[in-house]
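# Residue-level structural notes
Spelled out, the chains give:
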Amino acid sequence: QVQLVESGGGLVQPGGSLRLSCAASASIFSFNTMGWYRQAPGKERVLVATVASRGFTYYVDGVKGRFTISRDNDKNMVYLQMNSLKPEDTAVYYCNKVGASSLEYWGQGTQVTVSS
């Protein structure tokens, strides 16, 4: 069964932190580089961080030094620790394998709102 379940979002003040979690089915998770994506209102979904099966990570410039992606290969879980959050981080966050197209399965995402 194909499944992606994101959780951990919420409303946080600027400078705050959140930890997102993603439970993935083995068919999506196993041996794939996984990523966290986000979609801000009125914008396209974009990739923000990736983690390979052996742990190599990549971050886009806007989140480097603030976000940390990790994975638990035994539990098929992907995490995103977000610190020093900014209003521009407000978006719906999704996880999926890197390269997943809009035609593939996506979970519901988790809303992150950064506002005072």
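Preceding this section is the structure that the text describes.
Presented here is an overview of the structure given in this document.

With that settled, consider the overall build of the chain. Counting secondary structure elements, the chain contains 1 helix and 10 strands. Beginning at the N terminus, the succession of helices and strands in the chain can be written as β-β-β-α-β-β-β-β-β-β-β. Rg of the C-alpha trace for the chain: 13 Å, near the compact-globule value of 13 Å for 116 residues, within the 12% margin. Its C-alpha atoms put the chain at 40 × 25 × 20 Å along the principal axes. Looking at the chain as a whole, 43% of its 116 residues qualify as buried. Of the roughly 6,300 Å² of accessible surface on the chain, a fraction of 48% belongs to carbon and sulfur atoms. The centroid of the 11 positive side-chain charges in the chain is displaced by 3 Å from the centroid of its 8 negative side-chain charges.

Considering all chains together, one arrives at 2 aromatic pairs under this definition. Ring centres of tyrosine 37 and tryptophan 106 lie 4.9 Å apart, and the angle between their planes is 80°; on these two criteria the pair is classed as edge-to-face. Note that tyrosine 37 is positioned in strand β4 (residues 34–39) and tryptophan 106 in the loop between β9 (91–97) and β10 (110–114), a separation of 69 residues in sequence. Ring centres of tyrosine 94 and tryptophan 106 lie 6.1 Å apart, and the angle between their planes is 90°; this geometry places the pair in the edge-to-face category. Remark: tryptophan 106 occurs in the loop between β9 and β10 and tyrosine 94 occurs in strand β9; sequence separation between them is 12 residues.

The subject of this paragraph is the sheet that holds strand β7 (residues 67–72). Sheet architecture is open: 4 strands sit in the order β1-β3-β8-β7, paired in antiparallel fashion. With one partner strand each, in any of the chains shown, β1 (4–7) and β7 form the two edges of the open sheet. Taken over all neighbouring pairs, the strand axes of this sheet differ in orientation by 15° on average, direction set aside. Where β7 and strand β8 (residues 77–82) come together, 6 bridges link them in antiparallel fashion. Note that in β8 the partner of phenylalanine 67 across the bridge is methionine 82.

Another aspect to go through is the side chain of arginine 71. When you line up the elements, arginine 71 lands in strand β7. Although arginine 71 lies buried, it forms no salt bridge, and the closest oppositely charged side chain, aspartate 72, sits 8.3 Å away as judged by the N-O distance. At 2.8 Å, the side chain of arginine 71 and the backbone oxygen of asparagine 32 are in polar contact. One polar contact links the side chain of arginine 71 to the main-chain carbonyl oxygen of valine 51, over a distance of 3.0 Å. With sequence-adjacent residues up to four places away left out, arginine 71 is seen in contact with Phe29, Asn32, Thr33, Met34, Val51, Ala52, Ser53, Met77 and Val78.

The mixed open sheet is built from 6 strands, whose spatial order is β2-β10-β9-β4-β5-β6. Unpaired on one side and paired on the other, β2 (10–12) and β6 (57–59) mark the two borders of the sheet. Strand-to-strand twist across the sheet, computed as the mean angle between neighbouring axes with direction ignored, equals 25°.

Turning next to the state of the cysteines. For the coordinates displayed, the defined rule picks out 1 disulfide. Each disulfide pairs two cysteine sulfurs, and for cysteine 22 the partner residue is cysteine 95, the sulfurs being separated by 1.7 Å. Separated by 73 residues along the polypeptide, cysteine 22 in strand β3 (residues 18–24) and cysteine 95 in strand β9 bring together distant segments of the chain. Overall, cysteine 95 belongs to the buried group, its relative accessible area being 0%.

Calculation rules
Residues numbered from 1 in each chain as written. Predicted model: local features only at pLDDT ≥ 70, side-chain atom pairs only at ≥ 80, totals over all residues. Heavy atoms only, no water. Helix = DSSP H or I, 4+ residues; strand = E, 2+ residues; numbered from the N terminus. Rg over C-alpha atoms; globule rule 2.2 N^0.38 Å. Buried < 20%, exposed > 50% of the residue type's maximum accessible area, 1.4 Å probe, protein only. Areas by Shrake-Rupley, 256 points an atom, 1.4 Å probe, with all protein chains shown as cover. Lys, Arg positive; Asp, Glu negative; His and termini not counted. Charge placed at Lys NZ, Arg CZ, Asp CG, Glu CD. Phe/Tyr/Trp six-rings, centres within 6.5 Å; stacked < 30°, edge-to-face > 60°. Pairing = 2+ DSSP bridges. Axes fitted to C-alpha atoms, helices over the stretch in contact; angles between N-to-C directions. Salt bridge = Lys/Arg side-chain N within 4 Å of Asp/Glu carboxyl O. Polar contact = N/O pair within 3.5 Å; in protein donor to acceptor, adjacent residues only side chain to side chain. Contact = heavy atoms within 4.5 Å. Disulfide = S-S within 2.5 Å.

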